[in-house]
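Commentary on secondary and tertiary structure
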Amino acid sequence: MALSIKAENISKVYRLGEIGTGTITRDIERWYAKIRGVEDPFLKIGDAENSARRGKNEVIWSLKDINFEINQGETVGLIGGNGAGKSTLLKILSRVTRPSKGEIKIKGRIASLLEVGTGFHPELTGRENIFLNGAILGMRKREIAKKFDEIVAFAEVERYVDTPVKRYSSGMYVRLAFAVAAHLDCEILIVDEVLAVGDVAFQKKCLNKMGDVSKSEGRTILFVSHNMQAVQNLCTRAILLQNGCIVDEGRTGSVINTYLNAQRDSVFLKSWDTPEEAPGNEHIRLKKIELIPHLTRSDDVIDIRTPLRVSFELWNFDEAVNLMAGLHLFTVSDECIFDVPTEPEIYSRGIIKGTCEIPGNFLNDGSYYISLNFTKDTSKMQYYFEHILSFEVEDYREVAWYGKWIGYVRPQFNFSMVMKSKELETS
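Computed from a prediction, not measured in an experiment: that's the story for all the values here.

Judged by nonpolar contacts, the single largest core of 46 residues is most densely connected at Ile130, Leu176, Phe178, Met210 and Phe223. Among the elements that make up this core, the one with the highest residue count is helix 6 (residues 170–183) (10 residues). Residues Ala278, Phe338, Phe374 and Leu389 belong to the second largest nonpolar core, which totals 36 residues.

With respect to the element layout, arginine 175 can be found in helix 6. In sequence terms arginine 175 and glutamate 156 are 19 residues apart; their C-alpha atoms lie 7.6 Å from each other. Setting aside chain neighbours within four positions, we find arginine 175 in contact with Ala155, Glu156, Val157 and Phe202.

Here we come to empty space enclosed by the protein. Rolled over the atoms, a probe as big as a water molecule pinpoints where empty space is left. In the structure shown here, the tally under the stated rule is 1 cavity of 30 Å³ or more. Empty space within the largest cavity amounts to approximately 50 Å³. Ile302, Asp303, Ile304, Thr306, Leu308, Ile358, Pro359, Gly360, Asn361, Phe362, Leu363 and Val393 are the residues that line the largest cavity.

Attention now goes to the pairing of strand 11 (residues 284–293). Pairing analysis gives 3 bridges linking strand 10 (residues 269–271) to strand 11, with the strands arranged antiparallel. The partner of leucine 269 across the bridge, within strand 11, is glutamate 290. Bridge count between strand 11 and strand 12 (residues 308–316): 9 bridges; the pairing is antiparallel. The residue of strand 12 that forms the bridge with isoleucine 284 is asparagine 316.

It is worth spelling out the pattern of salt bridges at this point. For the coordinates displayed, the defined rule picks out 13 salt bridges. With a shortest N-O distance of 3.0 Å, glutamate 74 and arginine 237 are connected by a salt bridge. Of this pair, glutamate 74 sits in the loop between strand 2 (59–71) and strand 3 (75–79) while arginine 237 sits in strand 8 (residues 237–242), and the two are 163 residues apart along the sequence. Residue glutamate 74 is classed as buried on the basis of its relative accessible area, which comes to 15%. Ionic pairing is found between aspartate 162 and arginine 127, a salt bridge with its closest N-O pair at 2.8 Å. Highlighted residues: aspartate 162 in the loop between helix 5 (141–155) and helix 6 and arginine 127 in helix 4 (residues 126–136), separated in sequence by 35 residues. Look at aspartate 162 and you get partly exposed, because its relative accessible area is 48%. Because the salt bridges share partners, they merge into one network encompassing Lys6, Glu8 and Glu69.

Turning our attention to unusual backbone geometry. You will see that asparagine 9, though not glycine, has its phi angle at about 55°, which is positive. Looking at the secondary structure, you find asparagine 9 in strand 1 (residues 3–15). The exposure class of asparagine 9 is partly exposed, given its relative accessible area of 40%. Look at alanine 320: it is not a glycine, yet its phi comes out positive at around 50°. As for its position among the elements, alanine 320 is in the loop between strand 12 and strand 13 (321–331).

Mapping lysine 86 onto the fold places it in helix 3 (residues 86–93). The buried charged residue lysine 86 lacks any salt bridge, with aspartate 192 as its nearest oppositely charged partner at 6.8 Å. From its side chain, lysine 86 meets the backbone oxygen of glycine 81 in a polar contact 3.0 Å long.

Turning to the packing of aromatic side chains, a few remarks are in order. One pass over the structure, following the stated rule, counts 9 aromatic pairs. Where tyrosine 168 meets tyrosine 173, the ring centres are 6.5 Å apart and the plane angle is 65°; that geometry is what we call edge-to-face. Of the residues examined, tyrosine 168 reaches a relative accessible area of 7% and is grouped as buried. Residue classification places tyrosine 173 among the buried positions, given a relative accessible area of 14%.

On the surface, Ile24, Ile28, Trp31, Tyr32 and Ile35 cluster together to form a nonpolar patch covering roughly 600 Å² of accessible area. When you line up the elements, isoleucine 24 lands in helix 1 (residues 24–36).

So, about the sheet that holds strand 5 (residues 110–113). As summarised here, the arrangement of the 6 strands in space is 5-6-7-3-8-9, forming an open sheet in which the pairing is mixed. Since the sheet does not close on itself, it has two edges, and those belong to strand 5 and strand 9 (245–251), each with one partner. The sheet shows a mean angle of 15° between the axes of neighbouring strands, direction not considered. For strand 3 and strand 7 (residues 220–224), the ladder comprises 4 bridges, and the chain directions are parallel. Its bridge partner being in strand 7, leucine 78 is matched across the sheet by valine 224.

Further remarks concern helix 3. Burial within helix 3 is extensive, with 6 of its 8 residues counted as buried. Listed as buried for helix 3 are Lys86, Thr88, Leu89, Leu90, Ile92 and Leu93. Following helix 3 by one or two positions, arginine 95 adopts a phi angle in the positive range, close to 65°.

Bringing the packing of helix 5 against helix 6 into the picture now. Remark: helix 5 packs on helix 6, axes separated minimally by 8 Å, with the N-to-C direction vectors making an angle of 140°. Comparing their axes, helix 6 and helix 5 come out oblique. Regarding helix 5 and helix 6, the two cross each other, and that crossing is right-handed. Side by side, helix 5 and helix 6 meet where Lys147, Glu150, Ile151, Phe154 and Ala155 of the first sit next to Arg175, Leu176, Phe178, Ala179, Val180 and His183 of the second. Along the lines of polarity and charge, the residues of the contact of helix 5 with helix 6 split into 7 nonpolar, 1 polar and 3 charged.

Criteria and cut-off values
- Residues numbered from 1 in each chain as written.
- Predicted model: local features only at pLDDT ≥ 70, side-chain atom pairs only at ≥ 80, totals over all residues.
- Heavy atoms only, no water.
- Core = buried A, V, L, I, M, F, W, Y, C linked by side-chain atoms within 4.5 Å.
- Buried < 20%, exposed > 50% of the residue type's maximum accessible area, 1.4 Å probe, protein only.
- Helix = DSSP H or I, 4+ residues; strand = E, 2+ residues; numbered from the N terminus.
- Contact = heavy atoms within 4.5 Å.
- 1 Å grid on protein atoms, 1.4 Å probe; cavity = no way out; pocket = protein on both sides within 12 Å on 5 of 7 lines; lining within 4 Å.
- Points joined across faces, edges and corners; volume = space filled by probe spheres on them.
- Pairing = 2+ DSSP bridges.
- Salt bridge = Lys/Arg side-chain N within 4 Å of Asp/Glu carboxyl O.
- Lys, Arg positive; Asp, Glu negative; His and termini not counted.
- Polar contact = N/O pair within 3.5 Å; in protein donor to acceptor, adjacent residues only side chain to side chain.
- Phe/Tyr/Trp six-rings, centres within 6.5 Å; stacked < 30°, edge-to-face > 60°.
- Patch = residues over 30% accessible without salt bridge, like charges linked within 9 Å, V, L, I, M, F, W, Y side chains within 5 Å.
- Areas by Shrake-Rupley, 256 points an atom, 1.4 Å probe, with all protein chains shown as cover.
- Axes fitted to C-alpha atoms, helices over the stretch in contact; angles between N-to-C directions.
- Parallel < 35°, antiparallel > 145°, perpendicular 65-115°, else oblique.
- Left-handed = near helix turned anticlockwise from the far one by under 90°.
- Nonpolar A, V, L, I, M, F, W, Y, C, P; charged D, E, K, R; others polar.

Shown next, in the form of structure tokens:
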């Protein structure tokens, strides 16, 4: 398959602070203050504290030795935390800035949406900016006119197309800019987090459009977003940036899991010896929660075939409480897989136990979190133990097809509450 983008050892370095004040006189004053060891006379408010924290290092590497290849027609997600270098990389790809080191090879014309109003002149109307953007992309006036009605209809700005864009809202800016980039004939489309400015309906419309142009027209799309669900749905591959370096690259789901689990490790057992140190409140406290996978061998990993049992114990401090419990299973992107409650029942003061059975071939590969909630008298929340336990399920490719049809089975929830005979001592 033909290459669309190739990055070889791309690095970008920036100097911290101001390079110059704008005039020779002020630059000389700043230099003279520096050699005397006094404060910069042209520091902005708050800069003195920041410069003290900065240390002696005057340069920062926004990108360091970045290498990757993107094939024609691929839709690739670029993810990472704030300051990871995503926007800098996109600006280099879009030729907005040059790399300090390395080389970018690009085949085809690029349309970029890096920030609100990219490539628009505020004094020109929407109509004039459509033709201006098309000309910048190297298109003839006849080609732009042919797509004009589609662009305006997609952006939903028919009424305002002859109004200067400086009077547009940020959402209208983005709708028109994306419509131009998506409909004009460019081989590569680069979209930064700018789509987050639009409303939910328009974001969905844009994602559907990007999926269509990638599949039907064979365009290459590089998509940056903090919405992991959007990246998962749209992209076939993902690249994870951290501190200006690529730390993971490959299948979208796997890279997203690496990103979201960077600060979270899987834990199969949590327990507390005394109520004082356990999570909860004056009504209930969690004594233990454990994930028990039904493995053939103790050293096996949890894969999509593995049946799971969630077992927990809690201290109940209330007498004759009408208690109902519920177990919630979430993905790392906070999508609820299921929420299964128990029937309300009267429990005395003591230790309560419960279990939940999750059948094999029910979950896809990925990371999951378990939450527990306990409700009194069917409506009053006693306590919510959020993301109290986490675990990962790995893919097993030979039987992955099996889960497609058996995965619709409702989880078998065997939630039995058993009170120990020994009552708790009054504290």
